[in-house]
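# Topology and contacts: notes
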Amino acid sequence: MKNLQSLILKRLFPLLIILIGFAMQGCSTDDEYRDITLINLTSVTWVSGAEFPDRVSTEYWDFYPDGTGYYELVTEYWDGGIDTSSYNFVWEFTDYDFNTIAINVSGFGWEYWTIDYLNPDNLGVYISDSDPSYYPNVNTYYQEFYAY
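So, here's what we can say about the structure.

The rules behind the values
Residues numbered from 1 in each chain as written. Predicted model: local features only at pLDDT ≥ 70, side-chain atom pairs only at ≥ 80, totals over all residues. Heavy atoms only, no water. Pairing = 2+ DSSP bridges. Helix = DSSP H or I, 4+ residues; strand = E, 2+ residues; numbered from the N terminus. Axes fitted to C-alpha atoms, helices over the stretch in contact; angles between N-to-C directions. Buried < 20%, exposed > 50% of the residue type's maximum accessible area, 1.4 Å probe, protein only. Contact = heavy atoms within 4.5 Å. Polar contact = N/O pair within 3.5 Å; in protein donor to acceptor, adjacent residues only side chain to side chain. Salt bridge = Lys/Arg side-chain N within 4 Å of Asp/Glu carboxyl O. Core = buried A, V, L, I, M, F, W, Y, C linked by side-chain atoms within 4.5 Å.

### Section: the sheet that holds strand S1 (residues 45-52)
- As summarised here, the arrangement of the eight strands in space is S1-S2-S3-S4-S5-S6-S7-S8, forming a closed barrel in which the pairing is antiparallel. For this sheet, the mean angle separating the axes of adjacent strands, direction not counted, is 35 degrees.
- As defined by bridge partners, strand S6 (residues 109-118) adjoins strand S7 (residues 122-128) across six bridges and the pair is classed as antiparallel. Looking at the pairing, Ile 115 lines up with Val 125 of S7.

In structure tokens:
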């Protein structure tokens, strides 16, 4: 009996170690990608601006790790007037690879940002009003942000 237990232990133990190793290796890449994406998205205020014939508008987006956020739009008119609007929002990643962000801005509804690139200093996204995971041919526009 002791030989049988020893034989089982000798054969199962290396297999168990290999299985544990594969399980840990498989999780770490996804976890690291998720963590890096979350850190890059939530560590700074994202800013984007646009110039129009009568004004300049600047957007400020703060994503918080708890799935909430704060959006502020500052519009400066050429005649000297300034308008500021601010809104709270909730957000979440919509897909497995943390590539699309669903954002629900209070009073405006949902919009979806598909990340083109994200690093600590820059963010480029395709923005749509429908989830591109379910509607792959949805109309989008492109917007770039920089860290503030």
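Don't stop here, the text continues.
### Regarding the side chain of Thr 37
- Note that Thr 37 resides in helix H1 (residues 2-42).
- Residue Thr 37 is classed as buried on the basis of its relative accessible area, which comes to 6%.
- Those residues in contact with Thr 37 that lie beyond four places of it in its chain are Phe 93, Phe 98, Ile 115 and Leu 118.

### Looking at the environment of Tyr 71
- When you line up the elements, Tyr 71 lands in strand S3 (residues 68-77).
- Apart from the residues within four sequence positions on either side, Tyr 71 is in contact with Glu 59, Tyr 60, Trp 61, Ser 85, Ser 86, Tyr 87 and Phe 89.

### Remarks on the environment of Ile 82
- Tracing the backbone through its elements, the reader meets Ile 82 in strand S4 (residues 82-93).
- Take Ile 82: its relative accessible area is 53%, and that puts it in the exposed class.
- Sequence-wise, Ile 82 and Val 56 are 26 residues apart; in three dimensions their C-alpha atoms are separated by 9.7 Å.
- Not counting the four nearest positions on each side in its chain, Ile 82 is found in contact with Val 74, Thr 75, Glu 76 and Tyr 77.

### Concerning the environment of Asp 131
- On the secondary structure map, Asp 131 appears in the loop between S7 and strand S8 (141-147).
- A residue is classified by how much of its surface remains accessible, and Asp 131, at 9% relative accessible area, is buried.
- Considering only alpha carbons, one finds Asp 131 and Ala 102, 29 residues apart in sequence, at a separation of 7.6 Å.
- In this structure the side chain of Asp 131 is engaged in a polar contact, spanning 2.9 Å, whose partner is the backbone nitrogen of Ser 133.

### Brief notes about the pattern of salt bridges
- Counting across every chain of the model gives one salt bridge.
- Close ionic contact of Asp 54 with Arg 55 constitutes a salt bridge, the shortest N to O distance being 2.8 Å.

### Overview of the pairing of S6
- Two elements, strand S5 (residues 100-105) and S6, share six bridges in a ladder whose sense is antiparallel. In the strand pairing of S6, Thr 100 is matched with Thr 114.
- Joining the antiparallel neighbours S6 and S7 is a turn of three residues.

### Some remarks on the nonpolar core
- If you look at the biggest cluster of nonpolar residues, it comprises 19 residues, and the most contacted ones within it are Leu 41, Trp 61, Phe 63, Ile 101, Ile 103, Trp 113 and Leu 123.
- Only strand S2 (55-63), S4, S5, S6 and S7 provide two or more residues apiece to this core.
- Aside from chain neighbours lying at most four places away, what touches Ile 101 is Leu 41, Phe 63, Trp 91, Glu 92, Phe 93, Thr 94, Glu 111, Tyr 112, Trp 113 and Ile 115.

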